[in-house]
Amino acid sequence: MAGGAREVLTLQLGHFAGFVGAHWWNQQDAALGRPTDGKERPGELCPDVLYRTGRTLRGQDTYTPRLILMDLKGSLSSLKQEGELYRDKHLDAAIAWQGKLTTHKEELCSKNPYLQNEGRPEGVLRSDGVWRVKSIPNGKGPLPLRTAKTADPLTPTEGSIRVWSDFLRVHLHPRSICIIQKYNHDGETGRLEAFGQGESILKEPGYLEELEDRLHFYVEECDYLQGFQILCDLHDGFSGVGAKTAELLKDEYSGRGIIAWGLLPGPYSLGEPQKNIYRLLNTAFGLVHLTAHSSLVCPLSLGGSLGLRPEPPVAFPHLHYDATLPCHCSAILATALDTVTVPYRLRSSPLSMVHLADMLSFSGKKVVTAGATIPFPSGQSLPDTLMQLGGATPWIPLSACGDPSGARCFAQSVVLRGLDRARHTSQLTPGTPLPSPLHACATGEEVLAQYLQQQQPTALSSSHLLLTPCKVVPPYPRLLSSCSQLGLLTDAPPTRAGAPLLSLHSSGEHPGVWGPVFLFVLAPGPGRPGQRARQTRLAALGQLHGRRSGTG
């Protein structure tokens with residue numbers, strides 16, 4: 001059904017994975033139907049890799065994530081497990097029984113005010129406040145517009161977000177959400193705390209059959225399934241769910257790529273020793289078992305450490321976030337994922353998941369690391385910017401695997417996206433002495449490749465340069481400061497402690513992520529003068545990093 005795309009099935013396992021996934025799918029949704037201009041080549045990324053087409057009972061075409069999501073009882077808030085797209089209220093109301101009825105109604109959870117206008121399945125509220133009817137992308141016509149104009153879209157506050165469904169903008173297929181009813185999301189009892197508990201869930205015939213049924217539904221409609229990406233919580237019992245899921249996928253779909261992203265929330269407290277022991281054991285067991293059954297495993301966390309001794313959260317000089325808020329940490333990690341997964345989502349000459357994993361694995365070691373620098377200093381040409389970085393490693397680790405300075409990189413996958421074409425190469429006038437070999441390169445691809453060769457002469461490097469930026473819209477938090485209206489770094493120092501964690505600038509930001517991973521460049525979206533930007537374009541440089549020693 002994907003028209004020649006190399007499809008990927010996404011599995012989200014756990015509540016923090018739900019936070020990351022909500023931001024991830026919001027970003028994918030923002031990229032659908034994006035208008036093109038002279039600065040962007042349309043269609044560099046193929047949305048059919050992640051999305052599937054369908055049709056409702058009333059004949060409406062739908063375009064929904066190819067997704068299986070597992071969470072605990074009480075985690076959905078106002079989101080219905082069966083979704084809104086395929087419901088028929090007339091069929092729901094039909095009752096064949098003619099005898100006496102007694103109706104018991106459970107009190108509904110109130111919907112987050114931000115989502116009040118998101119319940120209509122025939123369209124989506126875009127960031128410019130216009131309701132647009134959803135259509136299928138890839139040259140099948142632009143998104144039709146309704147003439148009705150809504151009020152300015154709301155941005156949810158951190159205090160109003162309790163669960164990931166409070167800010168998910170995307171409609172899901174009825175077969176996407178699977179709730180584990182035997183464990184509770186809230187409360188002190190009935191919690192999914194240990195790896196063994198999670199493992200035992202998929203040993204029960206009911207849950208196993210439900211997962212297999214959903215897998216078969218999505219897999220059998222794919223023309224060319226390249227593999228699975230697993231977003232899995234590592235700190236709780238979902239590490240066991242993820243391990244058994246990876247084992248199931250390896251057994252049933254041999255030869256397909258399985259890339260596992262092990263997710264952990266922000267820093268933890270020493271005041272809860274039992275929970276810390278559980279967290280450490282769950283993480284260790286999860287990484288070991290995921291590595292045994294996956295093609296590639298990458299832990300992602302802003303917590304600074306995976307061990308018993310807590311470390312300060314990852315710090316970025318121009319990025320201000322609250323590491324205790326899942327909606328902040330998950331937004332950064334989701335943007336990183338949107339960049340590093342580019343190689344197997346390209347429309348032209350994609351690198352398959354299997355080939356990417358083969359390139360980054362070494363002697364059976366399948367664990368890779370990721371890193372970022374936000375924002376990337378992109379006010380100059382790419383050669384000038386890279387030359388000024390010098391020989392020091394420019395990226396900040398995002399995998400909480402310790403100081404990477406002693407490890408040797410043997411392979412890396414790098415993606416640079418969203419940088420204006422005019423800045424790809426040097427703009428020196430003819431006859432001017434070249435400051436570095438980078439300034440002699442004819443294309444941005446050559447600049448990036450030569451820089452990577454200078455930094456890691458013995459490493460195998462795969463690099464991609466895209467004009468298409470990341471695009472983020474509310475509810476993505478505003479985390480960047482010290483940026484001009486063009487999204488470039490200013491001379492102003494970053495805000496110190498005591499200042500608001502969210503940037504209150506009316507302009508957009510231009511961030512970047514480098515790393516054994518990511519660079520982000522944010523530019524303001526369209527809006528009325530004096531009005532806060534409603535959308536942000538994000539350029540990102542992403543890298544995955546394979547090591548010869550340490551955890552990699």
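Quick caveat: nothing in here was measured; it's all calculated off a predicted structure.

Across the sheet, six strands lie side by side as β8-β4-β1-β9-β10-β11; this open sheet has parallel pairing. The open sheet has two edge strands with one neighbour each: β8 (177–184) and β11 (296–301). In this sheet, neighbouring strand axes are inclined to one another by 15° on average, regardless of whether the strands run parallel or antiparallel. Across four bridges, the pairing between strand β1 (residues 7–13) and strand β4 (residues 67–73) is parallel. Across the sheet, L11 pairs through a bridge with I68, a residue of β4. Strands β1, β4, β8, β9 (225–233) and β10 (257–264) of the sheet are contacted by helix α5 (residues 238–252), whose axis makes an angle of about 165° with β9.

Before going further, it helps to spend a moment on unusual backbone geometry. The peptide bond linking P474 to P475 adopts the cis configuration, its omega dihedral lying at 20°. Tracing the backbone through its elements, the reader meets P475 in the loop between β16 (470–472) and β17 (517–519). The backbone of S349 sits at a positive phi, close to 50°, despite the residue not being glycine. Checked against the element boundaries, S349 lands in the loop between α7 (326–340) and α8 (353–360).

All right, on to the packing of α5 against helix α6 (residues 273–293) then. Two numbers describe how α5 lies on α6: the axes approach to 9 Å, and their chain directions differ by 5°. Relative to α6, the element α5 is oriented roughly parallel. Residues S239, G242, A243, A246, E247 and K250 of α5 touch α6, and the partners they reach there are N282, G286, H289, L290, A292 and H293. Tallied by class, residues from the contact of α5 with α6 come to four nonpolar, six polar and two charged.

On to the pairing of strand β3 (residues 61–65). Counting buried positions over the five residues of β3 gives four, a clear majority of the element. Where strand β2 (residues 51–55) folds back on β3, the antiparallel hairpin that results is connected by five residues, among which G59 adopts a positive phi of roughly 85°.

With that out of the way, let us pick up the nonpolar core. If you look at the biggest cluster of nonpolar residues, it comprises 61 residues, and the most contacted ones within it are W261 and Y321. Counting residues in each nonpolar core, the second largest holds 39 residues, with Y207, C222, C232 and L287 among its members.

Per the counting criterion, the structure on display carries eight salt bridges. R175 is the partner of D213 in a salt bridge, and the nearest nitrogen-oxygen pair spans 2.8 Å. Pair noted here: D213 is in helix α4 (residues 205–220) and R175 is in the loop between β7 (145–149) and β8, with a separation of 38 residues, a long-range link. Its relative accessible area of 40% is what places D213 among the partly exposed residues. Across the pair R214 and E210 runs a salt bridge whose closest N-O atoms are separated by 2.7 Å.

In this structure the tally under the stated criterion is seven aromatic pairs. Between W24 and W25, the ring centres sit 6.0 Å apart and the planes meet at 85°, which makes this aromatic pair edge-to-face. Taking the relative accessible area as the measure of exposure, W24 reaches 2% and is therefore buried. Feature note: the residues W24, W25, Y51 and Y63 constitute an aromatic cluster, connected by ring pairs.

For H185, the location among the structural elements is in the loop between β8 and α3 (195–201). When its relative accessible area of 14% is taken as the criterion, H185 is described as buried. Distance from H185 to S75, taken between C-alpha atoms, is 5.7 Å for residues 110 residues apart in sequence. Beyond its immediate stretch of four places on either side in the chain, H185 contacts H15, L72, K73, G74, S75, V163 and R191.

Right, let's get into the confidence of the model for the protein chain. With 69% of its residues at a pLDDT of at least 70, the protein chain reaches an overall mean of 76. Summarising per-element confidence for the protein chain, the mean pLDDT is lowest in strand β18 (residues 521–524) (25) and highest in β1 (98). For the stretch residues 35–41, pLDDT sits under 50, and the model shows twelve contacts to residues farther than four places along the chain or on other chains. In this model, residues 119–135 is a region of pLDDT below 50 whose contacts with residues beyond four sequence positions or in other chains number 68 contacts.

What follows covers the side chain of T10. Mapped onto the elements, T10 comes out in strand β1. Judged by its relative accessible area of 1%, T10 is buried.

Along the chain, H328 falls in helix α7. Of note is the side chain of H328, whose polar atom sits 3.0 Å from the backbone nitrogen of D322.

Right, let's talk about a nonpolar patch on the surface for a bit. A cluster of nonpolar side chains, I277, L281, F285 and L308, forms an exposed patch at the surface whose accessible area comes to about 350 Å². Within the secondary structure, L281 sits in helix α6.

On to the packing of α4 against α5, then. The interhelical angle for the contact between α4 and α5, taken along N-to-C directions, is 50°, at an axis separation of 12 Å. The angle between α4 and α5 falls in the class oblique. Taken as a pair, α4 and α5 cross one another with a handedness that is right-handed. Two secondary-structure elements touch here, α4 through L208, L211, E212, L215 and H216 and α5 through T245, L248, L249 and E252. A per-class count over the contact of α4 with α5 returns five nonpolar, two polar and two charged.

The subject of this paragraph is α6. Here α6 contains 21 residues, and its C-alpha end-to-end distance of 30 Å stays within 8% of the 30 Å for a straight helix at 1.5 Å per residue. Along α6, the residues classified as buried are N276, R279, N282, T283, G286, L287, L290, T291 and H293. Along the long axis of α6, the arc covered by the buried residues comes to 160°, so they all point the same way. Turned more than 90 degrees off the buried face of α6, the exposed positions are P273, Q274 and V288. Where α6 is buried, its residues touch α3, α5, β10 and β11.

Calculation notes
- Residues numbered from 1 in each chain as written.
- Predicted model: local features only at pLDDT ≥ 70, side-chain atom pairs only at ≥ 80, totals over all residues.
- Heavy atoms only, no water.
- Pairing = 2+ DSSP bridges.
- Helix = DSSP H or I, 4+ residues; strand = E, 2+ residues; numbered from the N terminus.
- Axes fitted to C-alpha atoms, helices over the stretch in contact; angles between N-to-C directions.
- Contact = heavy atoms within 4.5 Å.
- Parallel < 35°, antiparallel > 145°, perpendicular 65-115°, else oblique.
- Nonpolar A, V, L, I, M, F, W, Y, C, P; charged D, E, K, R; others polar.
- Buried < 20%, exposed > 50% of the residue type's maximum accessible area, 1.4 Å probe, protein only.
- Core = buried A, V, L, I, M, F, W, Y, C linked by side-chain atoms within 4.5 Å.
- Salt bridge = Lys/Arg side-chain N within 4 Å of Asp/Glu carboxyl O.
- Phe/Tyr/Trp six-rings, centres within 6.5 Å; stacked < 30°, edge-to-face > 60°.
- pLDDT = per-residue confidence, 0-100.
- Polar contact = N/O pair within 3.5 Å; in protein donor to acceptor, adjacent residues only side chain to side chain.
- Patch = residues over 30% accessible without salt bridge, like charges linked within 9 Å, V, L, I, M, F, W, Y side chains within 5 Å.
- Areas by Shrake-Rupley, 256 points an atom, 1.4 Å probe, with all protein chains shown as cover.
- Left-handed = near helix turned anticlockwise from the far one by under 90°.
- Expected span 1.5 Å × (residues − 1).
- Arc of directions from axis to C-beta.

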